[in-house]
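Coordinate inspection notes
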Amino acid sequence: MNPHAKLITLLSLLLGTTITISSNHWMMAWTGLEINTLAIIPLISKSHHPRAVEAAIKYFLVQATASALVLFSSMTNAWYTGQWDLTQLTHPTSCLLLTTAIAIKLGLVPFHFWFPEVLQGSPLTTALLLSTVMKFPPITILYMTSHSLNPTLLTTMAIASAALGGWMGLNQTQIRKILAFSSISHLGWMSIIIIYNPKLTLLTFYLYSLMTTTVFLTLNTTKSMKLSTMMISWTKTPMLNATLMLTLLSLAGLPPLTGFLPKWLIIQELTKQEMTVVATMITMLSLLGLFFYLRLAYYSTITLPPNSTNHMKQWHINKSTNTLVAIITALSLLLLPLSPMILTTI
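Not measured: the values here are computed from a predicted model.

**Here's the deal with unusual backbone geometry**
A cis amide bond links Val109 to the next residue, Pro110, at an omega of 10°. Mapped onto the secondary structure, Pro110 falls in the loop between α4 (92-106) and α5 (114-121). In this model, His48 sits at a positive phi of 60°, which is unusual for a non-glycine residue. Secondary-structure assignment places His48 in the loop between α2 (26-44) and α3 (50-81). Residue class for His48 comes out exposed when judged on its relative accessible area of 67%. We note that Glu274 has phi near 60°; this positive angle belongs to a residue other than glycine. Within the fold, Glu274 resides in the loop between α13 (260-272) and α14 (276-302). When its relative accessible area of 74% is taken as the criterion, Glu274 is described as exposed.

**What about the domain arrangement of the protein?**
By the assigned domains, the protein splits into domain 1 (1-123) and domain 2 (150-345). Opposite the 16 residues of domain 1 that make contact, domain 2 presents 18 residues. It is Leu108, Val109 and Gln120 that lose the most area in domain 1 upon contact with domain 2, and together they represent 39% of the buried surface on that side. The interface formed by domain 1 and domain 2 contains one salt bridge. For Lys177, the salt bridge goes to Glu117, with nearest N and O atoms at 3.5 Å. Counting across the domain 1 and domain 2 interface gives four residue pairs in polar contact (both at pLDDT 80 or more). For the side of domain 1 that touches domain 2, the secondary structure elements donating two or more residues are α4 and α5. For the side of domain 1 that touches domain 2, the leading source of residues is α5, giving five residues.

**Describing the pattern of salt bridges**
Under the counting rule described, the total for this entry stands at three salt bridges. Where Glu117 meets Lys58, a salt bridge forms, and the shortest distance between an N and an O atom there is 4.0 Å. Taken as a pair, Glu117 in helix α5 and Lys58 in helix α3 lie far apart in primary sequence, 59 residues in all. Under the relative-accessibility criterion, Glu117 is labelled partly exposed at 29%.

**Regarding the UniProt feature "transmembrane region" (unreviewed entry) in the protein**
Here, UniProt's "transmembrane region" (unreviewed entry) annotation points to residues 56-76, 96-115, 152-171, 178-196, 202-219, 239-257, 277-302 and 323-343. Secondary structure content for residues 56-76 is 100% helix and 0% strand, and the end C-alpha separation is 30 Å. Across residues 202-219, helical content stands at 100% and strand content at 0%; the span's end C-alpha atoms are separated by 26 Å.

**Considerations on the packing of aromatic side chains**
To describe a pair of aromatic rings, one takes the distance between the centres and the angle between the planes. Going through the model one piece at a time under the given rule, you end up with eight aromatic pairs. Measuring from centroid to centroid gives 5.6 Å for Phe136 and Phe205, while their planes differ by 5°, and the two rings are stacked. Remark: Phe205 occurs in helix α10 (residues 198-222) and Phe136 occurs in helix α7 (residues 136-144); sequence separation between them is 69 residues. Following the ring pairs from residue to residue traces out a cluster consisting of Tyr59, Trp114 and Phe115. Over the ring of Phe115 we find Lys135; its NZ or CZ atom is 3.7 Å from the centre of that ring.

**Here we look at the environment of Gln83**
On the secondary structure map, Gln83 appears in the loop between α3 and α4. C-alpha of Gln83 to C-alpha of His25: the two residues are 58 residues apart in sequence and 9.1 Å apart in space.

**A look at a nonpolar patch on the surface**
A grouping of Leu38, Val53, Ile57, Phe60 and Leu61 is seen on the molecular surface, where their side chains present a nonpolar patch of about 460 Å² in accessible area. For the nonpolar patch, the leading source of residues is α3, giving four residues.

Rules behind the numbers
Every chain begins its residue count from 1, and numbering advances along the sequence as written. Reporting in this predicted model follows two pLDDT cut-offs: at least 70 for local features of residues, and 80 or more for side-chain atom pairs to be given and counted; totals over whole chains, interfaces and linings ignore these cut-offs and use all residues. Side-chain measures here rest on the full set of heavy atoms in the structure, leaving out hydrogens and waters. In this text, helices come from DSSP runs of H or I with a minimum length of four residues, and strands from runs of E with a minimum of two, each type numbered from the N-terminal end. For each residue, the accessible area found with a 1.4 Å probe, counting protein chains only, is set against the maximum for its type, and the residue is called buried under 20%, exposed over 50%, and partly exposed in between. Domain extents, as shown, originate in an automatic or database domain assignment. Pairs of residues are marked as contacts when any of their non-hydrogen atoms sit within 4.5 Å. Accessible area that two parts lose when put together, evaluated with a 1.4 Å probe and summed over both, is termed the buried area. Within this document, salt bridges are pairs made up of a side-chain nitrogen of Lys or Arg and a carboxyl oxygen of Asp or Glu, the two lying within 4 Å of each other. In protein, a polar contact means a hydrogen-donor-capable atom and an acceptor-capable atom, both N or O and within 3.5 Å, with residues adjacent in sequence counting only if both atoms are side-chain atoms; elsewhere, any N or O pair within 3.5 Å suffices. UniProt positions are given in the numbering used here, feature names are shortened, and annotations may be inferred rather than shown by experiment. Whether two aromatic rings pair depends on their centres lying within 6.5 Å, for rings of Phe, Tyr and Trp, where Trp uses its six-membered ring; planes under 30 degrees apart make the pair stacked, over 60 edge-to-face, and the rest tilted. Criterion for a charge above a ring: Arg CZ or Lys NZ at most 6 Å from the ring centre, at most 35 degrees from the ring normal. Exposure above 30% relative accessible area and the absence of a salt bridge qualify a residue for a patch, where like charges join within 9 Å and nonpolar side chains (Val, Leu, Ile, Met, Phe, Trp, Tyr) within 5 Å. Throughout, the Shrake-Rupley method with a 1.4 Å probe supplies accessible areas, and for residues the shown protein chains are the sole cover considered.

Structural data, given as structure tokens:
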């Protein structure tokens, strides 16, 4: 990809995200979402592979539908209340339409179908952007309108997302699809708590983004795309694969790793809200996710292929130490002891 085109695309992504998260007016929030959508499409389709082009078209159509719904929701609310302020969403139909639009943008169940397909057709670095940066503006809109949303609808969608994210991930062999279903499952955890403690949703999103970035950058270094290539990556970078295993377990939410913190706090908050049954259900459903994370960890570290070829090019890898990967891996694993300090900041 042309360096100038890449620079313009990345700056547009930054601009779109900044506009949406800093705006109070519906039109500005919508403009930021549109800039984001248009900026990521060249990054999805840059390989010119038919699967990449298909992913870009699917992404464009889905995001255009969601944007139209955001506009329709805000205009209906403005028609009835005379308010264009993001926090003044009071009309019930507008709230329902907005929840649907944001669910489509995020890939929450039952609007999740596009997300694994688009991620599968994208390069690993673009898949990382789609899983983290592109989720931030819609989550910000949910955060600002959280007091107006329907608790029953969001809880139902959240439990369905956690269930389907775990269930569908069990049968996959493509790593990007597994991470897509992992993202859907985590979004369930974020959306279940947003009405009761919106700051906790943001904390969960930040920690999820940190761990997912670590996983994607590690996979990008070892060039692993599916489980069979993950098995032979152990001989390339043993240390990196060992930390990948720990990061995957952190993403699964096992103590004493970083990923345990948001799940622990969400279960605690749900129990305070007298939603013990919901907390039990979503915790049990996260065990499905734990299974496929353990499978990934097993493939990456414990399984060795019986006949490893000595062909040099297969093992050739850039051994230079990537400082960024080292730092975010450490953060993905070791933040739990700092939880009192983290809690004072939210």
